[in-house]
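Chain and residue survey
The lines below spell out each chain.
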Amino acid sequence: MLRSTGVRRPPPEHGRPLGELLATVDRAASKGINVASGGLLAYVPSSGLVTSAVADLIAGVLSRFTGQAVPAPGLVAMESSVLRWIADLFYLPPEAMGVFTTGGSTATLSALITARVAKLRGSSVSGIIYVTEQTHGCVVKAALLAGFRRDNLRVVPVDEHLRMDVTALRSAISADQRRGMRPFFVAASAGTTNAGTIDPIRDLADVAATQDLWLHVDAAYGGFFQLTGRGRERMSGIELADSIVLDPHKSLFVAMGTGCLLVRDSELLRQAHAADAAPYLQDLRGSDLPDFADYSIDLTRDFRGLRVWLPLHLHGVSAFRVALEEKLDLAEQVYAVLVAQPQLAVHSPPVLSTVVFRMAGDDAAVDERTAVLLAAVNAEGRVHLSSTRIDGRMMIRMCILHHRVDAARIEEAVAAILRHSSPAVRPVGVSGRLQAPAR
Ligand SMILES: *Cc1c(COP(=O)(O)O)cnc(C)c1O
């Protein structure tokens, strides 16, 4: 019960001892899902690298204004340099620009508004946005926030691998053009939240180029797999995007509150976000460095670049590459074990680090059996999985992205899945044994 723990107490007139307050924080944090645990295999984990929290502490104590460059040129240069490094990772041209946002959702809003400036001269009335049923909800949310209506949205069918059907997209665009609408935005996913699948980005880029659409890639989950050979190969074509959304607080493991937007043409990003020159800020103009306030929603903001800069410089890029390679290896190994179990139906081989499965069978009770399996595995308290629906069926998702997850924990997860899904008790370590990642 939270009632008796001091969590809801109003602030006292005179302060209380820190130890007492920390105990309250501790009690409050003990409720719910412990996202900082390596056992978190649900949703898309955001694991909270401690070194990024150290960066937060430093940034908070420094408390410098980084919305414009003049008051903190050194810090803005650091943030710009790490953003340039990310843009280079996706082979974007020199005129591209990135900004750190509070998350993927706000980055998506900025991307859509920039596309509207570029393709619709700011008007929302006739613009059509193409998504799939697998597209993250933040795209629809951004569209509604930006003043589009539901009838500005088209849900393009997916193929059996849950990827946007390019032929269906082409016909939807022609149909909309015949109706006098203006198709302008196609949202590709590079790692869907549901299953980690990747749309055929290169083909979508082709359609976007011939039909004058803005190609947006939502890589909030998958983005930093670009550091790995397999990721680069699977997200091939992402370098053609007009905008890319990334979440360093997912696949770069840093503390929550760290999204990123890359835009191929920085001038469009500026046109969409720069307000008229405010006289009260006139003393702060005139740097060669970017004024982030002109390229993003925030004016006053945390120095969030340090949250990415410090871990990357401290641990080195290879630490992140190795960690992401390991996630891909573990997902492949989980798939190999689960697909061999007759009592389970596994959706398809993982494209990234998410394995989606359910109890086998097509009878009316299969969703229920899947829900029972999920509840039983989670009830052990060692790992936490989540569910979704694909093709109308209840599915269990195992998303391997936490920086604290390792082969031993994944082995525990697999053993629990086998234990609770098998009619007969199966000795763990025979079929359920996971090999050490081969590298
Ligand atoms: C998490 C996620 C988002 C939303 O990002 P937030 O940082 O949670 O706002 C968008 N797209 C995908 C694919 C995601 O996994």
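Residues numbered from 1 in each chain as written. Predicted model: local features only at pLDDT ≥ 70, side-chain atom pairs only at ≥ 80, totals over all residues. Heavy atoms only, no water.

Here is the rule we go by: UniProt positions are given in the numbering used here, feature names are shortened, and annotations may be inferred rather than shown by experiment.
With an unreviewed UniProt entry as reference, the protein chain is termed Aminotransferase class V-fold PLP-dependent enzyme, source organism Kribbella albertanoniae. According to the UniProt record, the Cofactor (unreviewed entry) comment for the protein chain is "pyridoxal 5'-phosphate". Word for word, the UniProt comment on the protein chain under Sequence similarities (unreviewed entry) is "Belongs to the group II decarboxylase family."

A word on empty space enclosed by the protein
The test is simple: Any residue with an atom within 4 Å of a point lines the site, the site being either a cavity, points on a 1 Å grid over the protein atoms alone where a 1.4 Å probe fits but cannot get out, or a pocket, an open set with protein on both sides within 12 Å along at least 5 of 7 lines. Grid points are joined across faces, edges and corners, and a volume is the space filled by probe spheres set on the points. Side-chain classes follow a simple rule in which Ala, Val, Leu, Ile, Met, Phe, Trp, Tyr, Cys and Pro form the nonpolar group, Asp, Glu, Lys and Arg form the charged group, and the remainder, Gly included, forms the polar group.
Evaluated as defined, the whole model comprises 1 cavity of 30 Å³ or more. Put simply, the largest cavity is a space of about 50 Å³. If you go around the largest cavity, the residues you meet are A195, T197, H347, S348, P349, P350, V351, T354 and V356. Taken together, the residues of the lining of the largest cavity sort by class into 5 nonpolar, 4 polar and no charged.

Details of the environment of D159
Selection rule: The way it works is that DSSP assigns letters per residue, a run of H or I at least four long becomes a helix, a run of E at least two long becomes a strand, and they are numbered from the N terminus. Under the rule applied, a polar contact is a pair of N or O atoms within 3.5 Å (in protein, one hydrogen donor and one hydrogen acceptor; residues adjacent in sequence only if both atoms are side-chain atoms).
Tracing the backbone shows D159 in the loop between strand 3 (153-156) and helix 6 (166-178). Linking D159 and D199, residues 40 residues apart in sequence, is a C-alpha distance of 9.8 Å. Engagement of the side chain of D159 in a polar contact is seen with the backbone nitrogen of H161, the distance being 2.8 Å.

Re a nonpolar patch on the surface
Basically, it comes down to this: Patch rule: a residue counts if its relative accessible area is over 30% and it has no salt bridge; like charges are joined within 9 Å, and nonpolar side chains (Val, Leu, Ile, Met, Phe, Trp, Tyr) within 5 Å. To measure how exposed things are, a 1.4 Å probe is used in the Shrake-Rupley method; for residues, cover is taken only from the protein chains shown. One speaks of a salt bridge when a side-chain nitrogen belonging to Lys or Arg is within 4 Å of a carboxyl oxygen belonging to Asp or Glu.
A contiguous nonpolar patch, built from L18, L21, L22 and V25 and spanning about 380 Å² of accessible area, is present on the exposed surface. With respect to the element layout, L18 can be found in helix 1 (residues 18-29).

Details of the site of the ligand
Spelled out, the test is: Note on terminology: near, applied to a residue and a molecule or strand, indicates that one of the residue's heavy atoms is within 4 Å of it.
Residues in contact with the ligand amount to 14 residues; listed here are only the nearest, G104, S105, D218, D247 and K250. At 2.6 Å from an oxygen atom of the ligand is found a side-chain nitrogen or oxygen belonging to D247. One nitrogen or oxygen atom from the side chain of H249 is found 2.8 Å from an oxygen atom belonging to the ligand. Protein burial of the ligand: of its 380 Å² of free accessible surface, 86% is covered by the chains. Contributions of two or more residues to the shell around the ligand are made by helix 4 (104-120) and helix 9 (248-251). Each residue belonging to the shell around the ligand can be placed in one class, and the counts come to 4 nonpolar, 7 polar and 3 charged.

Description of the UniProt feature "modified residue: N6-(pyridoxal phosphate)lysine" (unreviewed entry) in the protein chain
Our working definition: The cut-offs for exposure are 20% and 50% of the maximum accessible area for each residue type, with area from a 1.4 Å probe on protein chains only; residues under the lower value are buried, those over the upper are exposed, and the others partly exposed. Note on contacts: a residue pair is in contact if any heavy atoms of the two residues lie within 4.5 Å.
In the numbering used here, UniProt assigns the "modified residue: N6-(pyridoxal phosphate)lysine" (unreviewed entry) feature to K250. Take K250: it is sitting in helix 9. When its relative accessible area of 14% is taken as the criterion, K250 is described as buried. Contacts of K250, omitting those with residues within four sequence positions, involve V44, P45, A220, Y221 and L401.

Observations concerning the packing of helix 4 against helix 10 (residues 266-273)
Short version of the rule: Fitted lines through C-alpha atoms serve as axes, helices being fitted only where they are in contact, and the angles separating the N-to-C directions of these axes extend from 0 to 180 degrees. Each angle gets one of four labels, with under 35 degrees taken as roughly parallel, over 145 as roughly antiparallel, 65 to 115 as roughly perpendicular, and the rest as oblique.
Orientation of helix 4 relative to helix 10, taken along the N-to-C sense of each, is 100 degrees, at an axis distance of 8 Å. Taken as axis vectors, helix 4 and helix 10 run roughly perpendicular relative to one another. On helix 10, the residues that touch S110, I113, T114, V117 and A118 of helix 4 are L268, L269, Q271, A272 and H273. Partitioning the contact of helix 4 with helix 10 into residue classes produces 6 nonpolar, 4 polar and no charged.

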